[in-house]
Amino acid sequence: EKEKEKQKEKEKNKEKDIENEKEENRVGVVLFQKYEELGFGVLNPSKAEQLKSWLDTFEEEVIIKALVIADNMNKANMNYVNGILKNWHNRGLTTLEKVEAEELRHQNQNLPKNERLKERPGEARPDWLDEDDNASEPVESETDQEEFNELLSFFKGESADD
């Protein structure tokens, strides 16, 4: 009976190993497909190894993002991708969330100051910002107009009796 239990345990471990191996093989597949789709050329063993080594540091989506950026810059080569990934690694940007947050921060720096202030995540936008600009203009009354005319006359050097 103990031998049967040991045998079942061994079979379970083998199944787990097979599943883990399948999962490891699946992880790189999307990355490798994206590499070829984006026009980096045929994936040779050296380049595949470089991409696989980055999987120890980054999520697969981050590496794909680096491939897309390189492609958008018309730099579809591994040296450019490695440069992007090294830069992100040195700056601690190892998740897609961190990379995209940094990208947004960088984009906001290039906006005019008044544009930057509009979008701040988590900050409540006051209602008065959305109010009609004309609604806040003061309404002039006849007495306001009379006072204005008197002041204007005074500064022009005219007397009120003229």
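In case you missed it, the structure is sitting above this.
Presented here is a report on the structure given in the accompanying data block.

The rules behind the values
- Residues numbered from 1 in each chain as written.
- Predicted model: local features only at pLDDT ≥ 70, side-chain atom pairs only at ≥ 80, totals over all residues.
- Heavy atoms only, no water.
- Salt bridge = Lys/Arg side-chain N within 4 Å of Asp/Glu carboxyl O.
- Helix = DSSP H or I, 4+ residues; strand = E, 2+ residues; numbered from the N terminus.
- Buried < 20%, exposed > 50% of the residue type's maximum accessible area, 1.4 Å probe, protein only.
- Expected span 1.5 Å × (residues − 1).
- Polar contact = N/O pair within 3.5 Å; in protein donor to acceptor, adjacent residues only side chain to side chain.
- Phe/Tyr/Trp six-rings, centres within 6.5 Å; stacked < 30°, edge-to-face > 60°.
- Axes fitted to C-alpha atoms, helices over the stretch in contact; angles between N-to-C directions.
- Parallel < 35°, antiparallel > 145°, perpendicular 65-115°, else oblique.
- Contact = heavy atoms within 4.5 Å.
- Patch = residues over 30% accessible without salt bridge, like charges linked within 9 Å, V, L, I, M, F, W, Y side chains within 5 Å.
- Areas by Shrake-Rupley, 256 points an atom, 1.4 Å probe, with all protein chains shown as cover.
- Lys, Arg positive; Asp, Glu negative; His and termini not counted.
- Charge placed at Lys NZ, Arg CZ, Asp CG, Glu CD.

### A few points about the pattern of salt bridges
It is possible for side chains of opposite charge to pair when their charged atoms get near one another. A full pass over the atoms with the stated rule returns four salt bridges. K34 is the partner of E37 in a salt bridge, and the nearest nitrogen-oxygen pair spans 3.8 Å. Within this pair, E37 and its partner K34 are both found in helix α1 (residues 2–37), separated by three residues, close to a single helical turn. A salt bridge links E102 to R105, with the shortest nitrogen-to-oxygen separation between them at 2.7 Å. Of the two residues, E102 and R105 are both situated in helix α5 (residues 96–109); the distance of three residues between them amounts to about one turn of the helix. Here R105 falls in the partly exposed class, since its relative accessible area comes to 42%. Each of the salt bridges in this network shares a partner with another, and the network as a whole consists of R91, E102 and R105.

### Here we look at helix α4 (residues 78–90)
Relative to the 18 Å expected for 13 residues at 1.5 Å per residue, α4 spans 18 Å between its end C-alpha atoms, a close match to the ideal helical length. For α4, the N-terminal capping position is held by N77, with its side-chain oxygen 3.2 Å away from the main-chain nitrogen of N79. A positive backbone phi angle near 75° is found at G92, which sits one or two residues after α4.

### Concerning the packing of aromatic side chains
Following the criterion strictly, the structure yields three aromatic pairs and no others. Between W54 and F58, the ring centres sit 5.5 Å apart and the planes meet at 45°, which makes this aromatic pair tilted. When its relative accessible area of 4% is taken as the criterion, F58 is described as buried. For the pair F154 and F155, a centre-to-centre distance of 5.3 Å together with 75° between the ring planes defines the contact as edge-to-face. A residue is classified by how much of its surface remains accessible, and F154, at 60% relative accessible area, is exposed. Overall, the relative accessible area of 67% leaves F155 in the exposed class.

### Notes on the packing of helix α3 (residues 60–72) against α5
Their axes nearest at 8 Å, the elements α3 and α5 cross at an angle of 40°. In terms of axis orientation, α3 runs oblique to α5. Contacts between α3 and α5 pair E61, V62, K65 and I69 from the former with L96, V99, E100 and E103 from the latter.

### Looking at the side chain of E102
Engagement of the side chain of E102 in a polar contact is seen with the side chain of R105, the distance being 2.7 Å. The residues contacting E102, other than those within four sequence positions of it, are R91 and L93.

### Section: the environment of K47
One can find K47 in helix α2 (residues 45–54). Between the C-alpha atoms of K47 and F32, which are 15 residues apart in sequence, the distance is 9.6 Å. Beyond its immediate chain neighbours, meaning those up to four positions away, K47 contacts Y35 and M78.

### Brief notes about a negative patch on the surface
Taken together, E142, D144, E146, E147 and E150 make up a surface patch of like negative charges. Relative to the elements of secondary structure, E147 occurs in helix α7 (residues 142–156). According to the relative accessible area criterion, E147 is exposed, its value standing at 51%.

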